[in-house]
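# Residue-level structural notes
Residues per chain are reported as follows:
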Amino acid sequence: GIEYIDSYYFNQAEYVRFNSTVGKYVGYTEYGVKNAEAWNRDYLAQELGALERYCKHNAANHYGAILDKT
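Per chain, residues are indexed from 1 in the order of the written sequence. Thresholds applied to this predicted model are a pLDDT of at least 70 for local features of residues and 80 or more for the giving and counting of side-chain atom pairs; totals over whole chains, interfaces and linings are not thresholded and use all residues. Neither water nor hydrogens contribute to the side-chain values; these are computed over all heavy atoms in the structure.

Bringing the overall build of the protein into the picture now. Check the secondary structure of the protein and you find 2 helices and 3 strands. In this description a helix means any DSSP run of H or I spanning at least four residues, a strand means any run of E spanning at least two, and both kinds are numbered starting from the N terminus. Traced from its N-terminal end to its C-terminal end, the protein shows the element sequence β-β-β-α-α. Classification of the 70 residues of the protein by burial places 27% in the buried group. In what follows, a contact means two residues having at least one pair of non-hydrogen atoms within 4.5 Å. Across the protein, contacts joining residues at least 24 apart in sequence account for 18% of those joining residues at least 6 apart. Using a 1.4 Å probe, the Shrake-Rupley method yields the accessible areas, and only the shown protein chains count as cover for residues. Accessible area for the protein stands at about 5400 Å²; split by element, carbon and sulfur atoms hold 54% of it. We call a residue buried when its accessible area falls under 20% of the maximum for its residue type, exposed when it is over 50%, and partly exposed in between, using a 1.4 Å probe and counting protein chains only.

So this is what it looks like as C-alpha coordinates:
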(Lines give C-alpha, C1' and ligand atoms only; values in the text may rest on other atoms or scores of the structure.)
Protein backbone atom coordinates (compact mmCIF):
# COMPACT_ATOMS: atom_id res chain seq x y z
CA GLY A 1 0.00 0.00 0.00
CA ILE A 2 0.87 3.63 -0.19
CA GLU A 3 1.49 5.75 2.88
CA TYR A 4 1.25 9.55 2.93
CA ILE A 5 3.33 11.39 5.53
CA ASP A 6 3.22 15.15 6.13
CA SER A 7 5.97 16.15 8.60
CA TYR A 8 6.56 19.51 10.28
CA TYR A 9 10.00 20.54 11.53
CA PHE A 10 11.39 23.30 13.71
CA ASN A 11 15.18 23.71 14.09
CA GLN A 12 15.68 20.47 12.13
CA ALA A 13 13.62 18.45 14.63
CA GLU A 14 10.33 16.89 13.64
CA TYR A 15 7.65 18.01 16.07
CA VAL A 16 4.41 16.83 14.46
CA ARG A 17 3.44 14.47 11.64
CA PHE A 18 0.32 13.41 9.79
CA ASN A 19 0.54 9.75 8.78
CA SER A 20 -2.19 8.30 6.57
CA THR A 21 -1.75 4.85 8.11
CA VAL A 22 -2.39 6.26 11.60
CA GLY A 23 -5.07 8.59 10.23
CA LYS A 24 -4.28 11.59 12.41
CA TYR A 25 -1.61 14.07 13.49
CA VAL A 26 0.87 12.83 16.09
CA GLY A 27 3.14 15.11 18.13
CA TYR A 28 6.73 14.23 19.02
CA THR A 29 7.53 17.10 21.36
CA GLU A 30 5.48 18.93 24.00
CA TYR A 31 4.77 21.67 21.44
CA GLY A 32 4.01 19.04 18.78
CA VAL A 33 1.54 17.19 21.00
CA LYS A 34 -0.35 20.45 21.60
CA ASN A 35 -0.37 21.17 17.87
CA ALA A 36 -1.47 17.63 17.03
CA GLU A 37 -4.42 17.86 19.43
CA ALA A 38 -5.54 21.17 17.91
CA TRP A 39 -4.96 20.09 14.32
CA ASN A 40 -6.81 16.80 14.82
CA ARG A 41 -9.75 18.82 16.12
CA ASP A 42 -9.60 21.64 13.53
CA TYR A 43 -7.92 20.34 10.35
CA LEU A 44 -8.10 16.53 10.29
CA ALA A 45 -11.16 16.38 8.02
CA GLN A 46 -9.41 18.76 5.60
CA GLU A 47 -6.23 16.63 5.55
CA LEU A 48 -8.21 13.42 5.03
CA GLY A 49 -10.18 15.08 2.23
CA ALA A 50 -6.97 16.13 0.48
CA LEU A 51 -5.67 12.60 0.87
CA GLU A 52 -8.76 11.21 -0.87
CA ARG A 53 -8.91 13.87 -3.60
CA TYR A 54 -5.28 14.21 -4.50
CA CYS A 55 -3.11 11.39 -3.21
CA LYS A 56 -5.27 8.37 -3.88
CA HIS A 57 -6.48 9.78 -7.20
CA ASN A 58 -2.96 10.49 -8.49
CA ALA A 59 -1.15 7.54 -6.92
CA ALA A 60 -2.25 5.14 -9.63
CA ASN A 61 -1.01 7.51 -12.35
CA HIS A 62 2.40 8.02 -10.71
CA TYR A 63 2.80 4.34 -9.92
CA GLY A 64 1.97 3.39 -13.49
CA ALA A 65 4.50 5.89 -14.83
CA ILE A 66 7.20 4.45 -12.58
CA LEU A 67 6.44 0.90 -13.67
CA ASP A 68 6.59 1.97 -17.33
CA LYS A 69 10.16 3.23 -16.80
CA THR A 70 11.47 0.05 -15.18
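We now examine the sheet that holds strand 1 (residues 5–10). Criterion used throughout: strands pair if DSSP finds at least two bridges between them. Strand order in the open sheet formed by 3 strands is 1-2-3, and the pairing between neighbours is antiparallel. Here the strands that pair on one side only, and so sit at the sheet edges, are strand 1 and strand 3 (24–27). Averaged over all neighbouring strand pairs, the angle between strand axes comes to 20 degrees, with direction disregarded. Bridge analysis of strand 2 (residues 13–19) against strand 3 gives 4 bridges, and the strand direction is antiparallel. Paired with Arg17 across the two strands is Val26, which belongs to strand 3. Helix axes are fitted to C-alpha atoms over the stretch in contact, other axes to C-alpha atoms as well, and angles between N-to-C directions run from 0 to 180 degrees. Against the sheet, helix 1 (residues 30–42) touches strand 1, strand 2 and strand 3, its axis set at about 165 degrees to strand 3.

Position of Asn19 relative to the elements: it lies in strand 2. Here Asn19 is in contact with Glu3, Tyr4, Ile5 and Lys24, once residues within four sequence places are set aside.

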